[in-house]
Amino acid sequence: SSEAAAPVELPASSALHKAHAYLMERFRSQQREVVYDAFFDRFDDPDALNAAMADLDLGHQRMLAVNIDDWLLCEAEYERRGDWKRGIDWVLSDAKVRLSGAERAYLQALAKAPLRLHEITQVEVGRGFWLRDLHETGAPARFVHEDSGTRNAREGNVIGTRVLEDPADRTLRISGVVYTF
């Protein structure tokens, strides 16, 4: 009998899975407060927030969930014994988190990649796009490898994303999180 090969999990995917599992295990009680008090800080009324969330179609709900997960890992700070760190810094500093070399390298690259606004200056559908960092005056556009995100991207669009250097091949890639404007 022939058995199907198990799908190969990419280092980015497995690293993110392990990081989020760690944060849920160590900081579960803080996560809800962090999401409502910081990520959704513009909503004073929890009922209004829940109504707004319910109005989102499934695709936008999934996009929001990915963005919240990114924010919980890369931006939110958690406290343990009076020490405050970003989630990703807790993950990388705890020897109990079992990461492969590739997973650790990906998380280290992600930890260094700030969430910034970028202008799309050129699109190469199925291959990538040229992004200009709007936080750096006069910065040249850089080519960023991306497949699926190029299908709906248009020259002149502004997106919020993290651009990181892929530790495996040194190419620039987005982290997978995109805020569209």
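What this report covers is the structure whose coordinates are included nearby.

Criteria and cut-off values
Residues numbered from 1 in each chain as written. Predicted model: local features only at pLDDT ≥ 70, side-chain atom pairs only at ≥ 80, totals over all residues. Heavy atoms only, no water. Patch = residues over 30% accessible without salt bridge, like charges linked within 9 Å, V, L, I, M, F, W, Y side chains within 5 Å. Areas by Shrake-Rupley, 256 points an atom, 1.4 Å probe, with all protein chains shown as cover. Salt bridge = Lys/Arg side-chain N within 4 Å of Asp/Glu carboxyl O. Buried < 20%, exposed > 50% of the residue type's maximum accessible area, 1.4 Å probe, protein only. Helix = DSSP H or I, 4+ residues; strand = E, 2+ residues; numbered from the N terminus. Core = buried A, V, L, I, M, F, W, Y, C linked by side-chain atoms within 4.5 Å. Contact = heavy atoms within 4.5 Å. Expected span 1.5 Å × (residues − 1). Lys, Arg positive; Asp, Glu negative; His and termini not counted. Charge placed at Lys NZ, Arg CZ, Asp CG, Glu CD. Axes fitted to C-alpha atoms, helices over the stretch in contact; angles between N-to-C directions. Parallel < 35°, antiparallel > 145°, perpendicular 65-115°, else oblique. Nonpolar A, V, L, I, M, F, W, Y, C, P; charged D, E, K, R; others polar.

Take a nonpolar patch on the surface next. Taken together, the side chains of L117, L134 and F181 present a nonpolar region at the surface, about 300 Å² in accessible area. Here F181 falls in the exposed class, since its relative accessible area comes to 68%.

In this structure, R81 is a non-glycine residue whose phi angle is positive, near 50 degrees. Within the fold, R81 resides in the loop between β1 (77-80) and β2 (83-86). Take R81: its relative accessible area is 78%, and that puts it in the exposed class. At R170, a residue that is not glycine, the phi angle is positive and equals roughly 65 degrees. Here R170 shows up in the loop between β6 (158-165) and β7 (172-180).

Our focus in this paragraph is the pattern of salt bridges. Note that side chains of opposite charge can pair when their charged atoms are close. All told, the structure shown has 14 salt bridges when counted by the stated rule. Residue R86 is joined to D89 by a salt bridge in which the shortest nitrogen-to-oxygen separation is 2.9 Å. Residue classification places R86 among the partly exposed positions, given a relative accessible area of 22%. D89 gets classed as partly exposed once you look at its relative accessible area, which sits at 26%. A salt bridge links R116 to E136, with the shortest nitrogen-to-oxygen separation between them at 3.1 Å.

When a protein is soluble and globular, its nonpolar side chains tend to lie buried together. Of all hydrophobic cores here, the largest spans 30 residues; its most connected members are L72, L73, Y78, V91, L107 and L110. Contributing elements (two or more residues each) for this core: α1 (11-39), α3 (58-74), α4 (87-93) and α5 (101-112). Here Y78 is in contact with L23, F27, Q30, Q31, V34, L72, D83, W84, K85, R86, G87 and W90, once residues within four sequence places are set aside.

Its 29 residues place the ends of α1 only 27 Å apart at the C-alpha level, less than the 42 Å of an ideal helix rising 1.5 Å per residue. For α1, the complete set of buried residues consists of S14, A15, A19, H20, Y22, L23, F27, Q30, Q31, V34, V35 and F39. Buried-residue contacts for α1 involve α3, β1, α4, α5 and β7.

Here we take up a negative patch on the surface. Judged by side-chain charge, E33, D37, D41, D44, D45 and D47 come together as a negatively charged surface patch. By relative accessible area, E33 is classed as exposed at 53%.

As a further point, take the packing of α1 against α3. Relative orientation of the contacting elements α1 and α3 amounts to 100 degrees, with a least axis distance of 9 Å. Put simply, α1 runs roughly perpendicular to α3. Together, L16, A19, H20, L23, Q31, V34, V35, A38 and F39 of α1 and L64, N67, I68, D69, W71, L72 and L73 of α3 make up the contact between the two elements. Among the residues making up the contact of α1 with α3, the classes are represented as twelve nonpolar, three polar and one charged.

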